[in-house]
Amino acid sequence: MDKKIDEKSKQMHEKIKDIQNTIWIIFREFEETHDMEKYNQRAAELVHKYKEDELCIFCQNLLLTWAPIIKRFFDNWKS
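Residues numbered from 1 in each chain as written. Predicted model: local features only at pLDDT ≥ 70, side-chain atom pairs only at ≥ 80, totals over all residues. Heavy atoms only, no water.

It is worth spelling out unusual backbone geometry at this point. Even without a glycine there, the phi angle at His34 is positive, about 60°. When you line up the elements, His34 lands in the loop between α1 (3–33) and α2 (36–49). (Helix = DSSP H or I, 4+ residues; strand = E, 2+ residues; numbered from the N terminus.)

Below, the structure is given as structure tokens:
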């Protein structure tokens, strides 16, 4: 296998792992604090981190996938 391709795949894997792990950390913090403003701020920071990267849309889509879950948790805590 071409070492250049292998290195690019490795870098992409690390970015994907970072995005997924960071979203999980953001969710866990939200679960503890119920602070929607901080959740939104942390999510925006993550998107900003990858704004010039080919994985930006992946990051945004994962956050969108989490949106109904976050809303359900938030609504439950509000009531």
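A few words on the pattern of salt bridges. Counted according to the given criterion, the structure contains eight salt bridges. Lys8 is paired through a salt bridge with Glu54; the nearest N and O atoms lie 3.5 Å apart. Here Lys8, found in helix α1, pairs with Glu54, found in the loop between α2 and α3 (56–78); they are 46 residues apart in sequence, far enough to count as distant. Given the relative accessible area of 49%, Lys8 is considered partly exposed. Notably, a salt bridge pairs Glu31 with Arg28, separated by 2.6 Å at the nearest N-O pair. Residue Glu31 and its partner Arg28 are both found in helix α1; the two are separated by three residues, about one turn of the helix. Under the relative-accessibility criterion, Glu31 is labelled partly exposed at 25%. Note on Arg28: relative accessible area 38%, which makes it partly exposed. Shared partners join several salt bridges into a network, and the residues in it are Glu29, Arg42 and Glu45. (Salt bridge = Lys/Arg side-chain N within 4 Å of Asp/Glu carboxyl O. Buried < 20%, exposed > 50% of the residue type's maximum accessible area, 1.4 Å probe, protein only.)

So, on to the packing of aromatic side chains. In this structure the tally under the stated criterion is eight aromatic pairs. A ring pair is formed by Phe73 and Trp77, whose centres lie 5.4 Å apart and whose planes are at 50°; its orientation type is tilted. One end of the pair, Phe73, and the other, Trp77, are both in helix α3, four residues apart, so they sit about a helical turn from each other. The partly exposed category is assigned to Phe73, whose relative accessible area is 27%. Given the relative accessible area of 28%, Trp77 is considered partly exposed. Every member of this aromatic cluster is reached through a ring pair, and the members are Trp24, Phe27, Phe30, Tyr39, Trp66, Phe73, Phe74 and Trp77. (Phe/Tyr/Trp six-rings, centres within 6.5 Å; stacked < 30°, edge-to-face > 60°.)

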